[in-house]
Amino acid sequence: MPFTPDVPEPVAADPSSHVGRPLLTQSWLDLAFLHWAVEPERVAPLLPAGTVPDTLDGVTYVGLIAFRMHQVGWLRLPGVPYLGSFHETNVRLYSVDGDGRRGVVFRSLDASRLIPVTVARAVFRLPYLWSWMTVRRRGDILTYSSSRRWPGPRGAHSRIVVRVGEPVAEPTELEHFLTARWGLHNAVAGRTLYLPNSHPRWPLYRADLIECDESLVAAAGLSRPTGEPASVLYSPGVPVRFGLPSLISAAIPPGTPEARGAGLSNDGKPQ
């Protein structure tokens, strides 16, 4: 089936629609966003069927996001105070489907509580992994540490240290592109689902990267980043609501130019 998506939805700081009756609620707190540029054709084979790399000026990105998950809850029930609160570090890519919906694709999600890991793997088929993790703050410096326990590769790790800077008064086009994501794409039983989310506009801060020693990106099937990140940001966090998933409508044959991100750059030219 040829991939003929609508024009990708605009990158917007606010969701185009709000989740009314949530499937899940949670808060994401004390987030560090690290991103490196990558060629779309290098990540295209890692995306679910029916999606291609989302690009900005012909480039896509791999993100390493560390934060505190707080009180995950089901439906409209109160968030779970202990099991629903944990540390997380994920590796993610940026995707767009045949309906033009932009999203993220998680290559790995390291989390510090085993029960949420096993539930997310079994119910949502998300690549959660159990890890030892800490998040520590001293003044304007935050340190995120992790070491993988199960299922592996055991010992895959990260240590991220950032210094929080000034608030971002007006995010750049790139900063919106990397943070304003209103859904995720995920493969389940041979099909690709889109799971929408909504939350208030991100409160973003500039951040300086003091240290980054990590092997999570390579463990997620990508080349290990070299050089300084293209973007480093911090956010104190937002409350989040996830809606019901839906099947995406288009499948993209692997190996085609479309599967390498053709036609999705800003100028509309094939990659």
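Our structure's up above, just so we're on the same page.
Per chain, residues are indexed from 1 in the order of the written sequence. Local features in this predicted model are restricted to residues whose pLDDT is 70 or higher, and side-chain atom pairs enter the listing and the counts only when it is 80 or higher, whereas totals over whole chains, interfaces and linings include all residues. The side-chain numbers reported here are obtained from all heavy atoms of the structure, hydrogens and water having been left aside.

A. Expanded view of helix 2 (residues 114–124). Only protein chains enter the accessibility calculation, which uses a 1.4 Å probe; a residue is then buried when its area is under 20% of its type maximum, exposed when over 50%, and partly exposed in between. Helix and strand definitions here come from DSSP, where helices need a minimum of 4 consecutive H or I residues and strands a minimum of 2 consecutive E residues; each element is numbered from the N-terminal end. Buried within helix 2 we find P116, V117, A120 and F124. Projection of helix 2 onto a plane perpendicular to its axis shows the buried side chains occupying an angular sector of 105°, all on one side. Backbone geometry just downstream of helix 2 places R125 in the positive-phi region, at approximately 55°. Each direction from the helix axis to a C-beta atom contributes to the arc, which is the arc of those directions.

B. Region of the structure containing the pattern of salt bridges. The term salt bridge refers to a pairing of a side-chain nitrogen on Lys or Arg with a carboxyl oxygen on Asp or Glu at a separation within 4 Å. Overall, the coordinates contain 11 salt bridges when judged by the stated rule. Between R137 and D30 there is a salt bridge; the shortest N-O distance is 3.9 Å. Note that R137 is positioned in strand 6 (residues 128–138) and D30 in strand 1 (residues 24–38), a separation of 107 residues in sequence. The exposure class of D30 is buried, given its relative accessible area of 14%. For D213, the salt bridge is made with R224, and the minimal N-O distance between the two is 3.8 Å. Of the two residues, D213 is situated in strand 11 (residues 205–214) and R224 in the loop between helix 4 (216–219) and strand 12 (231–242); the sequence distance between them amounts to 11 residues. Among the charged side chains, a salt-bridge network with shared partners connects D30, R68 and R137.

C. Spatial organisation of the packing of aromatic side chains. Any Phe, Tyr or Trp ring, taking Trp's six-membered ring, that has another such ring centre within 6.5 Å forms a pair; planes under 30 degrees apart are called stacked, those over 60 apart edge-to-face, and the others tilted. Enumeration according to the criterion identifies 8 aromatic pairs in this entry. With centroids separated by 6.1 Å and ring planes inclined at 65°, the aromatic side chains of Y205 and Y234 adopt a geometry described as edge-to-face. One end of the pair, Y205, is in strand 11; the other, Y234, is in strand 12, and 29 residues separate them in sequence. Chaining the aromatic ring pairs together yields one cluster made of W28, F33, F67, W202 and F242.

D. Structural context of empty space enclosed by the protein. Here the term cavity refers to a set of points on a 1 Å grid, laid over the protein atoms alone, in which a 1.4 Å probe fits but cannot get out; the term pocket refers to an open set having protein on both sides within 12 Å along at least five of seven lines, with lining residues being those that place an atom within 4 Å of a point. Grid points are joined across faces, edges and corners, and a volume is the space filled by probe spheres set on the points. A full pass over the atoms with the stated rule returns 1 cavity of 30 Å³ or more. By volume, the largest cavity is sized at about 40 Å³. What lines the largest cavity is A66, F67, H87, E88, T89, M133, T134, V135, Y144, S145, S146 and S158. Elements with a contribution of two residues or more to the lining of the largest cavity: strand 3 (60–74), strand 4 (86–97), strand 6 and strand 7 (141–150). Looking at the lining of the largest cavity, its residues break down into 5 nonpolar, 6 polar and 1 charged. Residue polarity is assigned by list, with Asp, Glu, Lys and Arg as charged and Ala, Val, Leu, Ile, Met, Phe, Trp, Tyr, Cys and Pro as nonpolar; anything else, Gly included, falls into the polar class.

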